[in-house]
Amino acid sequence: MKKTMVIDLDRCIGCYSCEMACKMENDVALGVYYNKVLTIGPMGTYPDIQQYQLPTICQQCYNPTCVDVCPTGASFKAADGTVMVDKELCIGCKYCMMACPYGARSYNAEQKVVEKCTLCAHLTAVGEKPACVKVCCSKCRFFGDIDDPNSEVAKVLKEAGAENIHSLPDRGNHPSVKYILHRKTAQWQDLPPKETWRTPHQSGKKEEKRHG
Amino acid sequence: MDSEFSLVFFTAFVDLGCGLFIALAINEWYSFSETVKQRGAIATLVALALGGFSSVLHLGHPERIFGALGHPTSGIFIESSMIGITGICVIAYLYALQRNASKQTLKTITLVGAITAAILAFAVGDSYVMGARPAWDTLTLPFVYLASALLMGALAYAALLVEPNALMIQKMKRLVQALVVVQAIAIIAYLVALSSAPYSDASRSASSVLFGGFAMLFWVGIVIIGLVVPFGLVYSQSKNDGAVALSNAPFALGLMCAFVGAAVYRVIMFNLGTTVWQFF
Ligand code: SF4
Ligand code: SF4
């Protein structure tokens, strides 16, 4: 079993509702995110311009490097395949934050522990869907067991076709979240595009530091 | 990521302690100096303690640290256990010195301690080797840590020698100069690895170190203060005879500079450690 998320980028309009719903549902501190909508692009030259929105969350990896490095077992893989943090065990060493290739984890300065998207485990445990899935006005987010061919996520992926299914770069962590993007919408970018006027904060690209 | 000063000082102090104990082990095996043994062992303990204290400052919940004992494969477990074993060896060495233990006992204790110290000096760098951060995903990184441990250890050992004779000073001078060269080679190897790291990005490029945002720190902190000054300080030792030539003060100054160089390397390393994507 592998509970994860599929996000259809052809349908995402970049309204940021999921970002807001996540912050409210999980009481995420100011300046911290579990879920953030990045703008990828614009790329190309006029009139051949393309751009898409990329909602980012913990990628619920098959081989989570964050779990491998955790010294206490606070980061663990649950029975349903989701990657979780037991805040009671966390010593706040931030080693897992270093080991995540996407910066998907954040430090909770008040509780002095690390946290991240839980796919709203408190909601899914009582049969509900994650807050971002519920709130999405374009119905582009799907949650379920990707290993179950009868699940909604498996069906959506089958319908999209292998050539339109994408994942973020794999550094041995094997991300399980899948993105659907057809070429007619935009060209999938394996990395944040370098040629764009978007600020690093908007596009997920790190700025060159001026000092140490 | 940010500079993470607690980890900068953790690894720099631990590497200093490791290097010094390795030097003390060589001293024990080749019987160079009697008087340096006790003060060297105490200095090793102080360096390891300062390193351990710095690492605790990094933790959000240090009171839960014993939870780390259950997961022996993590880098933090390896670091903590190696600090523990090395620390025990240093204390055992001090105790054995106090009790006038046999030469063989002292040799055995220092040999075990030197092996764990070498592993620890490497391990504190190796913990950062991870695919998530392309600038760290190279084994040259822990070798820079190990090389800095050896350089700082040799300088600390020489600085702690009591009234060293000219021959000893001469030997230490050559050793320190060789270790400066080793450290420089390790840093060059790291920069070569950095320039060929996958997912190239301006935030972690070798050119940003050599000519960009980190250039000032690199050239002044690592190259001039960390390498050229220690090399020059001990070089001046051979220039004149007499009291000045026999002083080990240049080694103490060289140690301070090498420590600054080691700390600056670690600061730059943390800042180069950007992820493949950065969501937030
Ligand atoms: S995306 Fe990062 S935090 Fe989430 S499971 Fe993968 S490695 Fe861990
Ligand atoms: S910060 Fe917490 S969850 Fe992350 S590696 Fe350390 S103990 Fe594990």
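None of the values given here were measured: they were computed from a predicted structure. (Residues numbered from 1 in each chain as written. Chains lettered and ligands numbered in written order. Predicted model: local features only at pLDDT ≥ 70, side-chain atom pairs only at ≥ 80, totals over all residues. Heavy atoms only, no water.)

Colleague: Please explain the overall build of chain A as it appears in this structure.
Modeller: Along the backbone of chain A there are seven helices and ten strands. Computed over the C-alpha atoms, the radius of gyration of chain A is 17 Å, within 12% of the 17 Å expected from 2.2 N^0.38 for a compact globule of 212 residues. Along the longest, intermediate and shortest principal axes, the C-alpha atoms of chain A span 55 × 50 × 30 Å. Of the contacts made within chain A by residues no fewer than 6 positions apart, 55% connect residues no fewer than 24 positions apart. Distance between charge centres in chain A, computed from 27 positive and 24 negative side chains, equals 3 Å. (Helix = DSSP H or I, 4+ residues; strand = E, 2+ residues; numbered from the N terminus. Rg over C-alpha atoms; globule rule 2.2 N^0.38 Å. Contact = heavy atoms within 4.5 Å. Lys, Arg positive; Asp, Glu negative; His and termini not counted. Charge placed at Lys NZ, Arg CZ, Asp CG, Glu CD.)

Colleague: Could you clarify how one ought to interpret the environment of L181(A) in this entry?
Modeller: Residue and element names in this part refer to chain A. The topology assignment puts L181 in the loop between β10 (178-180) and α7 (200-203). Along the primary structure L181 and A109 are separated by 72 residues, whereas in three dimensions their C-alpha atoms are 36 Å apart. For L181, the contacting residues outside a window of four places in its chain are L9, D10, Y52, N164, H166, A186, Q187 and W188.

Colleague: Mind showing me how you'd approach the site of ligand 2 here?
Modeller: Neighbouring ligand 2 are 13 residues, the closest being C70(A), C90(A), C93(A), K94(A) and C96(A). A class-by-class count of the residues in the shell around ligand 2 yields nine nonpolar, three polar and one charged. (Near = heavy atom within 4 Å. Nonpolar A, V, L, I, M, F, W, Y, C, P; charged D, E, K, R; others polar.)

Colleague: Could you clarify how one ought to interpret the site of ligand 1 in this entry?
Modeller: Around ligand 1, a shell composed of 13 residues is seen, among which C58(A), Q59(A), C61(A), C66(A) and C100(A) lie nearest. Looking at the shell around ligand 1, its residues break down into eight nonpolar, three polar and two charged.

Colleague: Sorry, what's going on with the nonpolar core here?
Modeller: As a rule of thumb, nonpolar side chains are buried together in soluble globular proteins. M98(A), Y128(B), W136(B), Y157(B) and F270(B) are the most contacted members of the largest nonpolar core, which has 92 residues in total. Once you skip the residues sitting within four places of it in the chain, F270(B) turns out to touch M98(A), M1(B), D2(B), S3(B), E4(B), L7(B), V8(B), Y128(B) and W136(B). Counting 34 residues, the second-largest nonpolar core is a separate cluster that includes V37(A), I57(A), A104(A) and V177(A). (Core = buried A, V, L, I, M, F, W, Y, C linked by side-chain atoms within 4.5 Å. Buried < 20%, exposed > 50% of the residue type's maximum accessible area, 1.4 Å probe, protein only.)

Colleague: Which parts of the structure should I look at to understand the side chain of Q53(A)?
Modeller: Within the secondary structure, Q53(A) is located in strand β3 (residues 50-56). Among the polar contacts listed, one links the side chain of Q53(A) to the side chain of T39(A), at a separation of 3.2 Å. (Polar contact = N/O pair within 3.5 Å; in protein donor to acceptor, adjacent residues only side chain to side chain.)

Colleague: Help me understand the packing of helix α3 (residues 75-98) of chain B against helix α4 (residues 103-126) of chain B in this model?
Modeller: Two numbers describe a pair of packed helices, the interaxial angle and the distance between the axes. Residue and element names in this part refer to chain B. It is at 9 Å that the axes of α3 and α4 come closest, and there the two elements cross at 155°. In terms of their interaxial angle, α3 and α4 are classed as roughly antiparallel. Of the two possible hands of crossing, α3 and α4 adopt the one that is left-handed. Contact with α3, carried on its side by I78, E79, M82, I83, I85, T86, C89, A92, Y93, A96 and L97, involves L106, I109, T110, V112, G113, T116, A117, I119, L120, A123 and V124 of α4 and no other residues of that element. Residues belonging to the contact of α3 with α4 are distributed by class as follows: 17 nonpolar, four polar and one charged. (Axes fitted to C-alpha atoms, helices over the stretch in contact; angles between N-to-C directions. Parallel < 35°, antiparallel > 145°, perpendicular 65-115°, else oblique. Left-handed = near helix turned anticlockwise from the far one by under 90°.)

Colleague: I keep staring at the environment of G103(A) and nothing clicks. Help me out?
Modeller: Checked against the element boundaries, G103(A) lands in the loop between α3 (95-99) and β6 (106-108). For G103(A), a relative accessible area of 8% translates into the label buried. Along the backbone, G103(A) and K116(A) are 13 residues apart, and their C-alpha atoms lie at a distance of 9.9 Å. Sequence-distant contacts of G103(A), that is, excluding residues within four places in its chain, are made with T275(B), W277(B), Q278(B), F279(B) and F280(B).

Colleague: Mind showing me how you'd approach the pattern of salt bridges here?
Modeller: Pairs can form between side chains of opposite charge once their charged atoms are near each other. All names here are of chain B. Counting across every chain of the model gives eight salt bridges over all chains. Of the charged contacts in the structure, one is a salt bridge between D15 and R266, with a shortest N-O distance of 2.5 Å. With D15 in helix α1 (residues 5-30) and R266 in helix α10 (residues 249-272), this pair connects stretches of sequence that are 251 residues apart. Each of E28, E34, K37 and K103 takes part in one network of salt bridges that share partners. (Salt bridge = Lys/Arg side-chain N within 4 Å of Asp/Glu carboxyl O.)

Colleague: Is there a simple way to think about α10(B) in this case?
Modeller: In this model α10(B) runs 35 Å from its N-terminal to its C-terminal C-alpha over 24 residues, within 8% of the 34 Å that 1.5 Å per residue would give. Across the 24 residues of α10(B), 19 count as buried, placing the element largely inside the fold. (Expected span 1.5 Å × (residues − 1).)

Colleague: How should I be thinking about the confidence of the model for chain B in this particular structure?
Modeller: One rule of thumb: low pLDDT means the predicted coordinates there are not for detailed reading. Overall, the predicted model of chain B reaches an average pLDDT of 94, with 96% of residues at or above 70. Here the prediction assigns the complex a pTM of 0.93, and the interface score ipTM is 0.91. (pLDDT = per-residue confidence, 0-100.)

Colleague: Just checking my understanding: could you explain the interface of chain A and chain B for this structure?
Modeller: One widely used convention gives an interface's size as the accessible area the parts lose upon coming together. Opposite the 55 residues of chain A that make contact, chain B presents 47 residues. Between the two partners, chain A and chain B, sit one salt bridge. Our enumeration of links across chain A and chain B arrives at 18 residue pairs in polar contact (both at pLDDT 80 or more). Secondary-structure elements contributing two or more residues to the side of chain A that touches chain B are β2 (36-43), β3 and α3 of chain A. In terms of residue count, α3(A) provides more of the side of chain A that touches chain B than any other element does, four residues in total. The residue inventory of the side of chain A that touches chain B, partitioned by class, reads 27 nonpolar, 13 polar and 15 charged.

Colleague: Is there a simple way to think about the sheet that holds strand β1 (residues 3-8) of chain A in this case?
Modeller: Whether parallel or antiparallel, the strands of a sheet pair through hydrogen bonds between backbone atoms. All names here are of chain A. Ordered by their spatial adjacency, four strands build an open sheet running β8-β1-β10-β9, and the pairing between neighbours is mixed. Edge positions in the sheet fall to β8 (141-145) and β9 (165-166), since each of these pairs with one other strand and no more. In this structure, β1 lies alongside β10, joined through three bridges in parallel fashion. Each residue of the ladder has a partner; that of D8, found in β10, is I180. Relative to β8, helix α6 (residues 152-160) is tilted by about 120°, and along the sheet it contacts β1, β8, β9 and β10. (Pairing = 2+ DSSP bridges.)

Colleague: Would you explain the packing of α4(B) against helix α5 (residues 140-160) of chain B in this entry?
Modeller: Residue and element names in this part refer to chain B. Close contact between α4 and α5 brings their axes to 7 Å; oriented N to C, the two are set at 140°. On the basis of the axis angle, α4 is oblique to α5. As for how α4 packs across α5, the hand of that crossing is right-handed. Where α4 abuts α5, its residues A118, A121, F122, V124, G125 and D126 lie against L141, P142, F143, Y145, L146 and A149. For the contact of α4 with α5, the residue count by class is ten nonpolar, one polar and one charged.

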